[in-house]
Amino acid sequence: MKGTVRHVVAGVQSGDGRIDLAAAAGVADVGGTAMTPETPYLLASISKMYTAAVILRLADEGRLHLSDPLAVSLPRSTYEGMHVIDGVDRSGEITIAQLLNHTSGLADYFGGKPKGGVSLADELKQGRDRSLDLDDVVRLVRTLPPRFVPGRHDDSDAHYSDTNFRLLAAVAAEVAGDPIEVLFDKLIFTKLGLE
């Protein structure tokens, strides 16, 4: 494989739902295990569009408002201390809209480097993968400095942060009473006939 592309999975499905082609190439891990169509694959940010669709559906149904701050939807213990600048904790002020458009100012738990440590992105590149639940993400973000005051609107004050969408998934689950993966199914996949 050229450059840094280590693997690929591709599939072609006909109009009748039949799989015409399922193929894979490259290596699945640092040990050199060959990729197969069944190898679990990192989705990266693909799920963000589904999370955004769920949030917008819940807003359309009146179950939340994009102007709602985190304090409306999540327990204080979930968000408290994630966004502290000059001794002021603005975590509860961050709105759903700011999470959606990356103007929350929250540090990125995936790309951010804790003092004396390496980022989760760097760990993944080195072949060390681990699962983090929301509590793990919140603990990590509390050790990283926020980028700017939430909601500032000039060209320099948007910062891509995976943290935003982990919090949006938590908001959706809290508001709707189902985990985000169930909401994907209920509000998107089933309605569109996706399997």
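Refer to the preceding data block for the structure.
Structure report, in brief. (Residues numbered from 1 in each chain as written. Predicted model: local features only at pLDDT ≥ 70, side-chain atom pairs only at ≥ 80, totals over all residues. Heavy atoms only, no water.)

1. Regarding the pattern of salt bridges
Side chains that carry opposite charge are capable of pairing whenever their charged atoms lie near each other.
Right, so step 1: Scanning the model with the defined rule gives seven salt bridges in all.
Right, so step 2: Taking the shortest distance from any N to any O, the salt bridge between D162 and K48 comes out at 2.5 Å. Separated by 114 residues along the polypeptide, D162 in helix 7 (residues 162-176) and K48 in helix 1 (residues 46-60) bring together distant segments of the chain. Just as D162 is buried, K48 falls in that class too.
Right, so step 3: As a salt-bridge pair, R63 and E61 come within 3.1 Å of each other at their nearest N and O atoms.
Right, so step 4: Using a relative accessible area of 40% as the deciding quantity, one classes R63 as partly exposed. (Salt bridge = Lys/Arg side-chain N within 4 Å of Asp/Glu carboxyl O. Helix = DSSP H or I, 4+ residues; strand = E, 2+ residues; numbered from the N terminus. Buried < 20%, exposed > 50% of the residue type's maximum accessible area, 1.4 Å probe, protein only.)

2. So, helix 1
Right, so step 1: The end-to-end C-alpha separation of helix 1 is 22 Å, in line with the 21 Å expected for 15 residues at 1.5 Å each.
Right, so step 2: What helix 1 keeps buried is the set K48, T51, A52, V54, I55 and L58. One side of helix 1 carries all its buried residues, which in axial view fall inside an arc of 160°. Those residues of helix 1 that are exposed and angled more than 90 degrees off the buried face are M49 and D60.
Right, so step 3: Lining the buried residues of helix 1 we find helix 4 (96-100), helix 7 and helix 8 (180-192).
Right, so step 4: Residue G62 follows helix 1 closely and has a positive phi angle near 80°. (Expected span 1.5 Å × (residues − 1). Arc of directions from axis to C-beta. Contact = heavy atoms within 4.5 Å.)

3. Considerations on the packing of aromatic side chains
Right, so step 1: In the structure shown here, the tally under the stated rule is three aromatic pairs.
Right, so step 2: Ring centres of Y50 and F189 lie 5.4 Å apart, and the angle between their planes is 75°; this geometry places the pair in the edge-to-face category. In this pair, Y50 sits in helix 1 while F189 sits in helix 8, placing the two residues 139 residues apart along the sequence.
Right, so step 3: What links up through ring pairs into an aromatic cluster is the set Y50, F184 and F189. (Phe/Tyr/Trp six-rings, centres within 6.5 Å; stacked < 30°, edge-to-face > 60°.)

4. Some points on the side chain of H102
Right, so step 1: Looking at where H102 falls in the secondary structure, it is placed in the loop between helix 4 and helix 5 (120-125).
Right, so step 2: Using a relative accessible area of 13% as the deciding quantity, one classes H102 as buried.
Right, so step 3: Of the polar contacts made by the side chain of H102, one reaches the side chain of N164; its length is 3.0 Å.
Right, so step 4: If we skip the residues at most four places from it in the chain, H102 touches F148, D157, A158, H159, Y160, S161, N164 and F165. (Polar contact = N/O pair within 3.5 Å; in protein donor to acceptor, adjacent residues only side chain to side chain.)

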